[in-house]
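Descriptive analysis of the structure
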Amino acid sequence: GDERAIDETEFRIICRDGSTRWIGHVCQPVYGENGQFLGRRGSNRSVTKRKRAEQQLREKDAELEIVADTTPVMLTRLSRDLRYVFVNRACAEMFGRPREEIVGKHIVEIMGKEAFETIRPYVERVLQGEPVEYEVEIPYQGIARRFMHVAYVPERNDHGEVVGWIATIQDVTERKRIEEALRKSEERFRAVFESSSDCI
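Summarised in this report is the structure supplied together with it. (Residues numbered from 1 in each chain as written. Predicted model: local features only at pLDDT ≥ 70, side-chain atom pairs only at ≥ 80, totals over all residues. Heavy atoms only, no water.)

A few points about the pairing of strand S4 (residues 74-79)
Of all six residues that make up S4, five are buried, and the element is covered over most of its length. Sheet analysis places S4 next to strand S8 (residues 162-171), joined by six bridges and oriented antiparallel. The residue bridging Leu 78 from the neighbouring strand is Trp 165, located in S8. Bridging between S4 and strand S5 (residues 84-87) involves three bridges; their strand directions are antiparallel. Bridging across to S5, Leu 78 finds its partner in Tyr 84. Hairpin geometry of S4 and S5 is characterised by an intervening segment of four residues between the two adjacent antiparallel strands and by a positive phi of about 65 degrees at Leu 82. (Buried < 20%, exposed > 50% of the residue type's maximum accessible area, 1.4 Å probe, protein only. Helix = DSSP H or I, 4+ residues; strand = E, 2+ residues; numbered from the N terminus. Pairing = 2+ DSSP bridges.)

Listed below in C-alpha cells is the structure:
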C-alpha cells in the first residue's frame, strides 16, 4: 500500500486475566519542514467501550428482529423518501418475496401504484408527524384485494424531524367478510320479519 496513506486498523487482544480488549491503531505519515517524507508514526488507543456498545446494539437488534419475526402482525419501517427500511417475516410472506428484495425498494415498486394511491392520504399525515390509524381495502399489486387495519407512528431523528414511519398492519379481510355476511343475514331476517308482520 501507499506508505504515505493514513492506515487505521482495530484489533482484539486477550489480557492475562482472560478479558478481551479492543485497540484502535492509527499509522500516519510524518513530514519534515520542507515537506519531505520522514517516515510513519503509529498510535494506539482503547476502543473497547465503543466495541462493547456496538455489540450490545447488534444483540438488541437481533432480539428485536426475533420478536418482530414471531408476531403474526406485519411490521414495516419506511423512510421519508418512501423506501422500505425494514419488513418482518409476516410482511415478506404476504408480498411473497424475500426481505432482501423489499428492503431499499420504493413503496410503489412493492405495493403497486393503485395500492399506494389508496394509502397516500394516511402516509402524508404521518409524514407531517401525526400518528394515524385506519382500516381500508387495499388493492395490492399481484395479491388479491385485502382489508387491512393499519397504524402508523412517525419516526423522528434527534432534532425532532420526521424521517419516516413505523407501520403495524393486520389483515382483517376474514373479519370484514364475516361482518358483511352477518349484516346481509340481518337485513334478510329483518325483511322477512317485516313482511310477515304485515300479515298479522
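Quick notes on the sheet that holds strand S2 (residues 20-31)
With respect to topology, three strands assemble into an open sheet ordered S1-S2-S3, the strand pairing being antiparallel. Looking at the sheet topology across the chains shown, the edges are occupied by strand S1 (7-14) and strand S3 (37-46). The sheet shows a mean angle of 25 degrees between the axes of neighbouring strands, direction not considered. Pairing of S1 with S2 involves eight bridges; the strand directions are antiparallel. Note on S2: the bridge partner recorded for Phe 11 is Ile 23. (Axes fitted to C-alpha atoms, helices over the stretch in contact; angles between N-to-C directions.)

Let's talk about the pattern of salt bridges
Side chains carrying opposite charge are able to pair once their charged atoms draw close together. Tallied over the full model, the rule gives 16 salt bridges. The residue Glu 109 makes a salt bridge to Arg 83 at a minimum N-O spacing of 4.0 Å. Placement of the pair is Glu 109 in helix H3 (residues 107-111) and Arg 83 in the loop between S4 and S5, with a sequence separation of 26 residues. The partly exposed category is assigned to Glu 109, whose relative accessible area is 40%. Given a relative accessible area of 32%, Arg 83 falls into the partly exposed group. Linking Arg 146 and Asp 171 is a salt bridge whose minimum nitrogen-to-oxygen distance equals 2.8 Å. (Salt bridge = Lys/Arg side-chain N within 4 Å of Asp/Glu carboxyl O.)

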